[in-house]
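If you want the building blocks of each chain, they are given just below.
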Amino acid sequence: MATHLHLGDLPGNLDLGPVVAVDSETMGLRYRRDPLCVVQLSAGDGDAHVVRLNRPAYDCPNFKRLLTDPAVLKLFHYARFDVAMFQLYLGVETGPIYCTKIASKLARTYTDRHGLKDVVRELAGVELSKAQQSSDWGAAELSKEQLAYAASDVLYLHKVRGRLDEMLTREGRTDLARACFDFVSTRSALDLAGWEEMDIFSHS
């Protein structure tokens, strides 16, 4: 297992395969107040690539190309936030998308625990540490602890997706999950447009 740190962008010759786990780190959870700082990716091979973005230019054409490549499935946990951040700061619409949080809510109806830590513990048998979750991701240098945390957020998503796909198929909810994944970009656009606290499909 190895973590590769890149500054500004991914190498142009890096081939991460047809399914890439993606996550991001920001200065907080407010879209326009808290900038995008770091992105991390894994091909599911035990390696993670962590990119400290060059704010405020966000000049990362290789990463943007990957996010928009129709031949590469982007695998997230809670895609809604990451996709909105990529829309806002990188100016791209990410797709196609698979979200393990959505899949978990559709498949694991026996629990209300759908956070990454709980899902990875049950479906991948790995205990994640969240000690660095609230740390300074805008720092000029990332610590070894930050890099390890960032890597752990993507290293196990392929295995989790495999287990969730089996459960979705068993419960007859695969098509429903795909429709939800396709809607993520629209949900993210609604968040950015001011409807982040409102369910426009609700009766009230």
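Look a little higher up for the structure.
Structure report, in brief. (Residues numbered from 1 in each chain as written. Predicted model: local features only at pLDDT ≥ 70, side-chain atom pairs only at ≥ 80, totals over all residues. Heavy atoms only, no water.)

## Focus on the overall build of the protein chain
Basically, it comes down to this: Put simply, DSSP marks the helices as runs of H or I at least four residues long and the strands as runs of E at least two long, and each gets a number from the N terminus on. The globule rule is 2.2 Å times the number of residues to the power 0.38, and the radius of gyration it is compared with is taken over C-alpha atoms. The contact criterion used throughout is that any non-hydrogen atoms of two residues lie within 4.5 Å.
The helix and strand inventory of the protein chain stands at 7 helices and 6 strands. Taken over C-alpha atoms, the radius of gyration comes to 16 Å for the protein chain, in line with the 17 Å a tight globule of 204 residues would show. Once the C-alpha set of the protein chain is aligned to its principal axes, its extents read approximately 45 × 40 × 35 Å. Taking the contacts inside the protein chain whose residues are at least 6 apart along the sequence as the reference set, 65% of them involve residues at least 24 apart.

## Points about the pattern of salt bridges
Note the threshold: Salt bridge, as applied in this entry: a Lys or Arg side-chain nitrogen positioned within 4 Å of an Asp or Glu carboxyl oxygen. Buried residues are those whose accessible area, probed at 1.4 Å on protein chains only, stays under 20% of the maximum for their type, while exposed residues exceed 50% and partly exposed ones sit between those limits.
Under the defined criterion, the tally for this structure stands at 11 salt bridges. Put simply, Asp34 and Arg33 hold a salt bridge, and the shortest N to O gap is 2.8 Å. The class for Asp34 is buried, based on a relative accessible area of 6%. Across the pair Asp118 and Arg113 runs a salt bridge whose closest N-O atoms are separated by 3.3 Å. Asp118 sits in the buried class, given a relative accessible area of 14%. One network of salt bridges, in which partners are shared, links Arg113, Lys117, Asp118, Arg121 and Glu127.

## Here we look at the side chain of Gln40
Quick note on the threshold: Two N or O atoms count as a polar contact when they lie within 3.5 Å, although within protein this holds only if one can serve as hydrogen donor and the other as acceptor, and sequence-adjacent residues are included solely when both atoms are side-chain atoms.
Position of Gln40 relative to the elements: it lies in strand S3 (residues 36-42). Among the polar contacts listed, one links the side chain of Gln40 to the side chain of Glu25, at a separation of 2.8 Å. Within polar-contact distance, the side chain of Gln40 engages the backbone oxygen of Ala150 at 3.2 Å. Beyond its immediate stretch of four places on either side in the chain, Gln40 contacts Ala21, Val22, Asp23, Ser24, Glu25, His49, Val50, Ala150, Asp153 and Val154.

## Re the nonpolar core
Most often, soluble globular proteins keep nonpolar side chains buried together rather than apart. Here is the rule: Each nonpolar core is a collection of buried residues, namely Ala, Val, Leu, Ile, Met, Phe, Trp, Tyr and Cys, held together in the definition by side-chain atoms within 4.5 Å.
Grouped together as the largest cluster of nonpolar side chains are 56 residues, with contacts concentrated most on Leu36, Leu41, Phe63, Phe86 and Leu90. Top contributing element to this core by residue count: helix H2 (residues 79-90), with 8 residues. Within the second largest apolar cluster, 8 residues are counted, among which are Leu142, Leu147, Tyr149 and Ala150.

## A look at the packing of aromatic side chains
As a reminder, the rule being used: We call Phe, Tyr and Trp rings a pair once their centres come within 6.5 Å, taking the six-membered ring for Trp, and we label the pair stacked below 30 degrees between planes, edge-to-face above 60, and tilted otherwise. Criterion for a charge above a ring: Lys NZ or Arg CZ within 6 Å of the ring centre, and within 35 degrees of the ring normal.
Scanning the entire structure with this criterion turns up 7 aromatic pairs. On the basis of an interplanar angle of 50 degrees and a centroid distance of 5.5 Å, the ring pair of Tyr58 and Tyr89 is categorised as tilted. Here Tyr58 is found in the loop between strand S4 (47-52) and helix H1 (61-68), whereas its partner Tyr89 is found in helix H2, with 31 residues between them in sequence. Taking the centre distance of 6.3 Å and the plane angle of 50 degrees together, the rings of Phe76 and Phe86 count as tilted. In this pair, Phe76 is assigned in strand S5 (residues 73-76) and Phe86 in helix H2, connecting sequence segments 10 residues apart. Each member of the pair, Phe76 as well as Phe86, is classed as buried. Linked through ring pairs, Phe63, Phe76 and Phe86 together constitute an aromatic cluster. Over the face of the ring belonging to Tyr78 we find Lys101, whose NZ or CZ atom lies 5.2 Å from the ring centre. The ring of Tyr98 carries Arg161 above its face, with NZ or CZ at 5.2 Å from the centroid.

## Describing H2
What counts here: Given a helix with a known number of residues, its expected span is that number minus one, times 1.5 Å.
Over its 12 residues, H2 extends 15 Å from the first C-alpha to the last, a length consistent with the 16 Å expected when each residue adds 1.5 Å. Within H2, 10 of the 12 residues are buried, which leaves the element mostly enclosed by the surrounding structure. Tucked into the core, H2 has its buried residues touching strand S2 (19-26), S3, H1, S5, strand S6 (97-99) and helix H7 (174-195). Trailing H2 by a residue or two, Gly91 shows a phi angle of about 70 degrees, which is positive.

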